[in-house]
Amino acid sequence: MVWFVPHTRSTSNHKTMPQTLGPLDYGCTDWRISSQKAADLYSSGTKLWTKEDLQDIEQQLRQAYTMERFSVRRIDGSIVQITNPMFQVQNPIWKPHVKYQEYWQLVKAQPHGPIETYLCSYIVDWTNLTARNFRELIAQPTQVFEEKDLLWQNSKSCNQLTTLVKELLGRNTVKKHNSWDENSEIKHVMGCMIQHSMALTIAQHCSGNETVPLLAQDPEYTELAKELLTEKKFKIVGPYGAGGFAEIDEESIVISPFAAAPVKQIIADLARPVIIISTGFEVFNSNELLHRKPLADAESPRTKQMWLGYDAYSLPSHSDDVEICSALNGLHLYCRREQSLDSQGA
């Protein structure tokens, strides 16, 4: 048997080249690009907040009824405009306030707003007033405040704090006393009263022969709360959550218990107060196991640098003062070392 095999040209050396598809840019999201830009700006020393911007947005919100749009400066210097839904509304149930987007929200935890707000360290948000206005009020609030103030004044914790503050201040000059609550829900009211009494005590013992202004800021203050604090010589500042920060300087004492705003980070950009009373050094919510969210008043690389110029103390709270311990638990006192002024703004 004969097999005939026809001659064929070998193609073993002429393989077909694979087709190259176009580049995939699925990793180049607006959020990744924005967060990298925010990190670069932050590393170069760009401040997330300035006193001028905070004063400006506070002034805009004061005129919310007549302003069709609000202007917000992003950290790259550009301006975004936000439409005001309450423009010329006769009886608005929504009150505008400043909502902060701190360091971690700019570089790690993607903001929930539109792309244009990714580089905003503050934006405008709105609080619905219906529930707050309907809320049950404390009966005889002035009397309750007096009772809590007396409880504080007669406590061992008050004596211990007074001694510590006098010792730490020494020759330091204090010309301003700032208190930020940013957290005045009814369940916290009693604790807030004790915290305000603490602020009064510190102001009294650091004033010397001069009157030290007591400034208080919380967008959630009710009209009744404002009246009560005004009677106690507090001056209410920044009712929309921004203007009061512009008052902070090197001769201030800042009390910020459990704030719902990044107070420590804002301070790090603006000034180095004599004393800061605030929470500890946590950053993320430990209850979130996988995608942990930053705390409202979280630490940042800039606050970490700021604390190098401060000595930290646990806030005195005697075990006999059960209610006071509950109100002050988790707070710390930070006192500026004088040599830190040379490196201010680092």
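All figures in this text were calculated on a predicted structure; none of them were measured in a lab.

## What to know about the overall build of the protein
Next up, step 1: If you tally the helices and strands in the protein, you get eleven helices and eleven strands.
Next up, step 2: Within the span of the protein, comprising 346 residues, buried residues form 46% of the whole.
Next up, step 3: Intrachain contacts of the protein at a sequence separation of at least 6 include 72% that bridge at least 24 residues.
Next up, step 4: When the accessible surface of the protein is split by element, carbon and sulfur atoms take 52% of a total near 19400 Å².

## Quick notes on the pairing of strand 2 (residues 79-83)
Next up, step 1: Of the two faces of strand 2, only one is covered, namely that formed by Val80 and Ile82; the face formed by Ile79, Gln81 and Thr83 stays uncovered.
Next up, step 2: As paired elements, strand 1 (residues 69-73) and strand 2 share five bridges and run antiparallel to each other. Its bridge partner being in strand 2, Val72 is matched across the sheet by Val80.
Next up, step 3: The antiparallel hairpin formed by strand 1 and strand 2 contains five residues in its connecting segment, where Gly77 sits at a positive phi of about 95 degrees.

## Some points on the packing of helix 5 (residues 141-153) against helix 8 (residues 223-231)
Next up, step 1: It is the contact of helix 5 with helix 8, at a shortest axis distance of 11 Å, that shows an interaxial angle of 50 degrees. Classified by the angle between their axes, helix 5 and helix 8 sit oblique to one another. Here helix 5 runs over helix 8; the crossing is right-handed. Across from Pro141, Thr142 and Phe145 in helix 5, the residues of helix 8 making contact are Leu224, Leu228 and Glu231.
Next up, step 2: Classifying every residue of the contact of helix 5 with helix 8 gives four nonpolar, one polar and one charged.

## Focus: helix 1 (residues 30-43)
Next up, step 1: Taking 1.5 Å of rise per residue, 14 residues should cover 20 Å, and helix 1 covers 20 Å from first to last C-alpha, within 8% of that figure.
Next up, step 2: Of the residues making up helix 1, those classed as buried are Trp31, Ser34, Ser35, Ala38, Leu41 and Tyr42. The arc that holds the buried residues of helix 1, viewed along the axis, is 125 degrees, so those residues lie on one side. Of the residues in helix 1, the exposed ones pointing more than 90 degrees away from the buried face are Arg32, Ile33 and Ser43.
Next up, step 3: Looking at the buried residues of helix 1, the elements they touch are helix 3 (103-107) and helix 10 (301-306).
Next up, step 4: Backbone geometry just after helix 1 places Gly45 at a positive phi near 105 degrees.

## Structural notes on the environment of Gly113
Next up, step 1: Inspection of the secondary structure puts Gly113 in the loop between helix 3 and strand 4 (122-128).
Next up, step 2: Looking at Gly113, the relative accessible area reads 28%, which means it is partly exposed.
Next up, step 3: Taking C-alpha positions, Gly113 is 9.4 Å from Ile123, a pair spaced ten residues apart along the chain.

## Describing the pattern of salt bridges
Next up, step 1: What the rule picks out here adds up to eleven salt bridges.
Next up, step 2: A salt bridge links Lys232 to Glu146, with the shortest nitrogen-to-oxygen separation between them at 2.2 Å. Taken together, the positions of Lys232 in the loop between helix 8 and strand 7 (234-236) and Glu146 in helix 5 put the pair 86 residues apart, joining distant regions of the chain.
Next up, step 3: On the basis of relative accessibility, which here comes to 18%, the residue Lys232 falls in the buried class.
Next up, step 4: Under the relative-accessibility criterion, Glu146 is labelled partly exposed at 35%.
Next up, step 5: Among the charged side chains, a network of salt bridges with common partners joins Lys37, Arg74 and Asp76.

## A few points about the confidence of the model for the protein
Next up, step 1: Model confidence for the protein is summarised by a mean pLDDT of 86, while 84% of its residues fall at 70 or above.
Next up, step 2: Note that pLDDT drops below 50 for residues 183-187; the model gives that stretch twelve contacts with residues more than four away or on any other chain.
Next up, step 3: With pLDDT under 50 throughout, residues 340-346 is counted as low confidence; its partners more than four residues away or in other chains account for nine contacts.

## Considering the packing of aromatic side chains
Next up, step 1: All chains considered together, the criterion is met by seven aromatic pairs.
Next up, step 2: A centroid spacing of 5.9 Å and a plane angle of 85 degrees characterise the contact between Tyr100 and Phe245, whose relative ring orientation is edge-to-face. With Tyr100 in strand 3 (residues 94-100) and Phe245 in the loop between strand 7 and strand 8 (252-255), this pair connects stretches of sequence that are 145 residues apart. One exposure class covers both Tyr100 and Phe245, and it is buried.
Next up, step 3: Aromatic side chains Trp307 and Tyr334 sit 4.1 Å apart centroid to centroid with 25 degrees between the ring planes, which places their arrangement in the stacked category.

Thresholds, definitions, all that
- Residues numbered from 1 in each chain as written.
- Predicted model: local features only at pLDDT ≥ 70, side-chain atom pairs only at ≥ 80, totals over all residues.
- Heavy atoms only, no water.
- Helix = DSSP H or I, 4+ residues; strand = E, 2+ residues; numbered from the N terminus.
- Buried < 20%, exposed > 50% of the residue type's maximum accessible area, 1.4 Å probe, protein only.
- Contact = heavy atoms within 4.5 Å.
- Areas by Shrake-Rupley, 256 points an atom, 1.4 Å probe, with all protein chains shown as cover.
- Pairing = 2+ DSSP bridges.
- Axes fitted to C-alpha atoms, helices over the stretch in contact; angles between N-to-C directions.
- Parallel < 35°, antiparallel > 145°, perpendicular 65-115°, else oblique.
- Left-handed = near helix turned anticlockwise from the far one by under 90°.
- Nonpolar A, V, L, I, M, F, W, Y, C, P; charged D, E, K, R; others polar.
- Expected span 1.5 Å × (residues − 1).
- Arc of directions from axis to C-beta.
- Salt bridge = Lys/Arg side-chain N within 4 Å of Asp/Glu carboxyl O.
- pLDDT = per-residue confidence, 0-100.
- Phe/Tyr/Trp six-rings, centres within 6.5 Å; stacked < 30°, edge-to-face > 60°.

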